[in-house]
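# Notes for the structure review
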Amino acid sequence: MASEYTSIIYAEQDHVATLTLNRPDVLNSMDEVMTGEIVSVIERLRRPGKLRALVIASTGRCFSAGGNFDEIHRLIEDYDARMDAYDNGRRVIHGMAEIAVPVIVALQGDVYGLGTSLALSADIIVASRNVRIGDPHVKVGLVAGDGGTLVWPTAFGLLKSKRHLLTGDPISAEDAHVLGAISELVDEPEQALPLAQQLAAKVAVLPPIAVQYTKRALNHSMQRAALDHFEFAMALEQYAMTSEDLKEALAALKEKRKASFNNR
């Protein structure tokens, strides 16, 4: 089963599935292939069969850097690729809202952009206390449309979300834990996955119908919001994708200079 994928590792043991992001050489940045493979797993688990929990983990020092500049440039120039990315982003967030089994995320390293939206869509989040959680879309001239404006307010509250989504500044896992956005803190990165696995095993021995229907009830408001708010935010991100400010932001970052924006 693992051979189906090139950017992730997928495994099943007893009643627990594990999806591991596996592009550590590029900080597990999410391109079209990785996002498509994540979608494949999430949609498979809408009908989980014997599986009762999903653990999402990662390799290397960064859980996920989100998107990357090369991918953004490709999307600017290629309309079809942009629509494919739009569709995959939709399917990740809708899939996380609809997946039947509890999802436990192990954040061993920093997480940004779509990686953050994926993590904050989970049911239980275990993080190393040194982790930074961010969504820097605005810093590169984009709207936080691929889930950020949906999942951040749910996790942090609206005012705190505005502070970080409007500036692109990350928040520490320790601060996120105080605010209730992180379920469990561990001291070292290598401790995050074992605790996530323990929690998955704890969930997996409980009556699955009770667990899954409880999750369904808890996620009902997120599902409704995904159908309304999320679609609007994604549309706005598509508008921003065609702006001159986006190209200027990317060029300034690449050239290590101050950007000059013209609001176009």
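Residues numbered from 1 in each chain as written. Predicted model: local features only at pLDDT ≥ 70, side-chain atom pairs only at ≥ 80, totals over all residues. Heavy atoms only, no water.

Another aspect to go through is the nonpolar core. Judged by nonpolar contacts, the single largest core of 53 residues is most densely connected at I38, L54, I56 and L107. The next biggest cluster of nonpolar side chains, apart from the first, holds 14 residues, and it includes V16, A106, A200 and A204. (Core = buried A, V, L, I, M, F, W, Y, C linked by side-chain atoms within 4.5 Å. Buried < 20%, exposed > 50% of the residue type's maximum accessible area, 1.4 Å probe, protein only.)

On to the pattern of salt bridges. Enumeration according to the criterion identifies 14 salt bridges in this entry. The salt bridge involving R91 is made with E43; its shortest N-O contact spans 2.8 Å. Here R91, found in helix 3 (residues 79-98), pairs with E43, found in helix 1 (residues 32-44); they are 48 residues apart in sequence, far enough to count as distant. The class for E43 is partly exposed, based on a relative accessible area of 26%. Across the salt bridge formed by D187 and R129, the nearest N and O atoms sit 2.8 Å from each other. On the criterion of sequence distance, the pair formed by D187 in the loop between strand 10 (184-186) and helix 8 (192-204) and R129 in the loop between strand 7 (124-128) and strand 8 (132-134) is long-range, its members being 58 residues apart. (Salt bridge = Lys/Arg side-chain N within 4 Å of Asp/Glu carboxyl O. Helix = DSSP H or I, 4+ residues; strand = E, 2+ residues; numbered from the N terminus.)

Here D123 is to be found in the loop between helix 4 (113-120) and strand 7. Along the backbone, D123 and P102 are 21 residues apart, and their C-alpha atoms lie at a distance of 6.0 Å. Not counting chain neighbours up to four residues away, the residues in contact with D123 comprise V101, P102, V103, S183, K215 and N219. A polar atom in the side chain of D123 sits 2.7 Å from the backbone nitrogen of V103. Within the local environment of D123, its side chain forms a polar contact with the side chain of K215, the two groups lying 2.8 Å apart. (Contact = heavy atoms within 4.5 Å. Polar contact = N/O pair within 3.5 Å; in protein donor to acceptor, adjacent residues only side chain to side chain.)

By the burial criterion, the buried members of helix 9 (residues 208-218) are V211, Q212 and K215. The arc that holds every buried residue of helix 9, seen down its axis, measures 90°, which confines them to one face. Exposed positions of helix 9 whose direction lies more than 90 degrees from the buried face are I209, Y213, R216 and A217. Summarising the contacts, the buried residues of helix 9 are in contact with helix 3, strand 5 (103-107) and helix 8. (Arc of directions from axis to C-beta.)

Before going further, it helps to spend a moment on the side chain of T20. As for its placement among the helices and strands, T20 is situated in strand 2 (residues 16-21). In contact with T20, other than residues within four places in its own chain, are S7, I8, I9, A57, S58 and T59.

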